Amino acid sequence: MSGSSPQRPPRPRFRALVAVLLLAPLVVGLALWAFAWPAARTAPRDLPVGVAGSPAAVAAVEQKLSADEDAFEVHRYGDEAAARDAIERREIYGAVVATPKGPRALTASAASPVVAQALQQMASGHPPSGTAPGTAPGAASGAADVVPAPKADPRGAALSSSVLPMAIGGVAAGAMVVTLGLRGTRAFAGLLGAAALVGAVAAGITHSWLDVLTGDWWAESASFGLISLAVSAGVAGLGTLLGPAGIGLGAMTMVLFGNPFSGVTSAPEMLPRPLGEVGQWLPPGAGGTLLRSVGFFDGQAVDSPVLVLTVWAVAGLTLVTIGGLRRQSRPAAEEETPVRAQPAGVPAA
């Protein structure tokens, strides 16, 4: 029996210790910046709203909306009916109609309860200040909710809460495809099948059970599935090419940046620039916009979010294919490596 003492585990290297000490506050600071800064700076920035009525009557309303040049993007309509039609087509979030009895607010709490409250306060003569996401719309005199939020979710909290689970679920699905070694047809089948099932489950919960979406069930299911596929395929594609670092990069993009930049709790135009614009190019932001359109507006203004999600899905699946082909080519190249001929009279090693 040897008298040597058992080997002790190696002590952590100094560089690794420094990396841990620096990485933790860096991640926390980045997360607080991504989540807290947009929430603390919520305010209208080129928010598309309308004014309706005769040119003379709307002059005072336009002047009030244009007091802050960067707050509102004002669209003029001839009458209330035209403004209502623009709201239903998702061209504007709401409108202020000039009437003989005073300004009348037309809102769409289904598009954004926060914006609806701000317009009601402005029409009633109380300019919005410090509007917090998630607060219920006020009850301004003469206000009309053209596209109301469902009774089961008047503040839009349930819909807003659905974006993060979709991002987390997509990241998990993409990571599993990579870590389980699925390639080629199996990777495609796993990503597409998981997205289809996620869409059915999500629509079953939000529409059939909770009643927080009121549109066509199949369109909602397809929308949830497309969101899931865009996230999972993006993560799987990066993971297939870059390994664990790619999975981490995909998760950070979808969860750490995509969720707070989505604007789903208020509106993309309520976030600091350019976060609102950036968020709409990421799956969570495009997905939130798509869900509102199919859930409350009969599929109006879905072109941009569907295009963004489709690009993410196709790009991710393409990366999965490229990464799979690269891995398959390596063993084949190793097998085809020629064996060097030994000179005559020299024995083989």
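Everything here concerns the structure above.
Not measured: the values here are computed from a predicted model. (Residues numbered from 1 in each chain as written. Predicted model: local features only at pLDDT ≥ 70, side-chain atom pairs only at ≥ 80, totals over all residues. Heavy atoms only, no water.)

S.K.: Tell me about the pairing of strand β2 (residues 72–77), and name the residues and values.
M.R.: One ladder, built from six bridges, connects strand β1 (residues 47–52) with β2; its direction is parallel. Looking at β2, one finds that Val51 is bridged to Arg76. For the crossover from β1 across helix α2 (residues 55–65) to β2, the handedness is right-handed. (Pairing = 2+ DSSP bridges. Helix = DSSP H or I, 4+ residues; strand = E, 2+ residues; numbered from the N terminus. Right-handed = clockwise from strand over helix to strand, strands pointing away.)

S.K.: So, the sheet that holds β2: which residues are in play, and what are the values?
M.R.: Spatially, the five strands line up as an open sheet ordered β2-β1-β3-β4-β5, and their pairing is mixed. Two strands lie at the open edges of the sheet, namely β2 and β5 (144–145), each paired on one side alone. Here strand β4 (residues 102–107) runs beside β5; their pairing, made up of two bridges, is parallel. By the bridge assignment for β5, Leu106 is matched with Ala144. Sheet contacts for helix α3 (residues 80–88): β1, β2, β3 (95–99), β4 and β5; angle to β4, the most-contacted strand, approximately 25 degrees. Of the strands in this sheet, β1, β2, β3 and β4 are in contact with helix α4 (residues 113–123), which crosses β4 at around 175 degrees. (Contact = heavy atoms within 4.5 Å. Axes fitted to C-alpha atoms, helices over the stretch in contact; angles between N-to-C directions.)

S.K.: Any details on helix α6 (residues 163–179)? Residues and values, ideally.
M.R.: An α-helical turn contains 3.6 residues, so a residue and the one three or four places further along point in the same direction. For α6, which comprises 17 residues, the first-to-last C-alpha distance of 24 Å matches the rise-based estimate of 24 Å (1.5 Å per residue) to within 8%. Of all the residues in α6, the buried ones are Val163, Met166, Ala167, Gly170, Val171, Ala173, Gly174, Ala175, Val177 and Val178. For α6, the secondary structure elements touched by its buried residues are α5 (157–161), α7 (184–209), α8 (217–242), α9 (244–257) and α11 (283–296). Positive backbone phi, at 75 degrees, marks Gly181, one or two positions downstream of α6. (Expected span 1.5 Å × (residues − 1). Buried < 20%, exposed > 50% of the residue type's maximum accessible area, 1.4 Å probe, protein only.)

S.K.: Go over the pattern of salt bridges, please, and point to the residues and values.
M.R.: Enumeration according to the criterion identifies six salt bridges in this entry. Here Arg273 makes a salt bridge to Asp46, at a shortest N to O gap of 2.8 Å. Separated by 227 residues along the polypeptide, Arg273 in the loop between α9 and α10 (275–279) and Asp46 in the loop between α1 (14–40) and β1 bring together distant segments of the chain. The class of Arg273 is partly exposed, set by a relative accessible area of 40%. A salt bridge links Glu80 to Arg104, with the shortest nitrogen-to-oxygen separation between them at 3.6 Å. (Salt bridge = Lys/Arg side-chain N within 4 Å of Asp/Glu carboxyl O.)

S.K.: Quick rundown of the side chain of Ser109? Include the residues and the values.
M.R.: The topology assignment puts Ser109 in the loop between β4 and α4. Polar contacts involving the side chain of Ser109 include one to the side chain of Asp145, which spans 2.5 Å. (Polar contact = N/O pair within 3.5 Å; in protein donor to acceptor, adjacent residues only side chain to side chain.)

S.K.: Describe in detail the environment of Thr179, supporting the description with residues and values.
M.R.: Take Thr179: it is sitting in helix α6. By relative accessible area, Thr179 is classed as exposed at 59%. Put simply, Thr179 and Ile247 are 68 residues apart on the chain and 9.7 Å apart in space, counted from C-alpha to C-alpha. At 3.4 Å, the side chain of Thr179 forms a polar contact with the backbone oxygen of Met176.

S.K.: Tell me what's going on with α2, and back it up with residues and numbers.
M.R.: Looking only at α2, the buried set comprises Val58, Val61 and Leu65. On an axial view of α2, the arc spanned by its buried residues comes to 55 degrees, and they lie on one face. With respect to the buried face of α2, the exposed residues turned more than 90 degrees away are Ala56, Ala60 and Gln63. For α2, the secondary structure elements touched by its buried residues are β1, β2, β3 and α4. (Arc of directions from axis to C-beta.)

S.K.: Account for unusual backbone geometry, naming residues and giving values.
M.R.: In this chain, Arg273 is followed by Pro274 through a cis amide linkage whose omega measures 0 degrees. On the secondary structure map, Pro274 appears in the loop between α9 and α10. In this structure, Asp211 is a non-glycine residue whose phi angle is positive, near 60 degrees. Its identity is not glycine, yet Ala301 carries a phi of approximately 55 degrees, on the positive side. For Ala301, the location among the structural elements is in the loop between α11 and α12 (303–335).

S.K.: With reference to specific residues and values, describe a nonpolar patch on the surface.
M.R.: A surface patch of nonpolar side chains, about 530 Å² in accessible area, is lined by Phe14, Leu17, Val18, Leu21 and Leu22. Summarising the element assignment, Leu17 is placed in helix α1. Among the residues examined, Leu17 registers a relative accessible area of 47% and is labelled partly exposed. (Patch = residues over 30% accessible without salt bridge, like charges linked within 9 Å, V, L, I, M, F, W, Y side chains within 5 Å. Areas by Shrake-Rupley, 256 points an atom, 1.4 Å probe, with all protein chains shown as cover.)

S.K.: Before we move on, could you go through the pairing of β3 and cite the residues and values that matter?
M.R.: In terms of burial, β3 is a largely internal element, four of the five residues being buried. Summarising the sheet, β1 and β3 pair through three bridges and their orientation is parallel. Residue Gly50 lies in a different strand from β3, and its bridge partner there is Ala95. For β3 and β4, the ladder comprises five bridges, and the chain directions are antiparallel. Each residue of the ladder has a partner; that of Ala98, found in β4, is Pro103.

S.K.: Hey, could you go over the nonpolar core for me, with residue numbers and the actual values?
M.R.: Among the nonpolar cores identified, the biggest contains 50 residues, and Ile87, Leu106 and Val147 are the most heavily contacted of them. Here the element with the most residues in this core is α11; it accounts for five residues. Excluding residues within four positions of it along the chain, Val147 makes contact with Ile87, Glu88, Thr107, Ala108, Ser109, Ala110, Phe296 and Phe297. By size, the runner-up hydrophobic cluster in this structure holds 17 residues, among which are Val178, Leu191, Val231 and Val235. (Core = buried A, V, L, I, M, F, W, Y, C linked by side-chain atoms within 4.5 Å.)

Remember that the coordinates give geometry; whether it matters functionally is a separate question.
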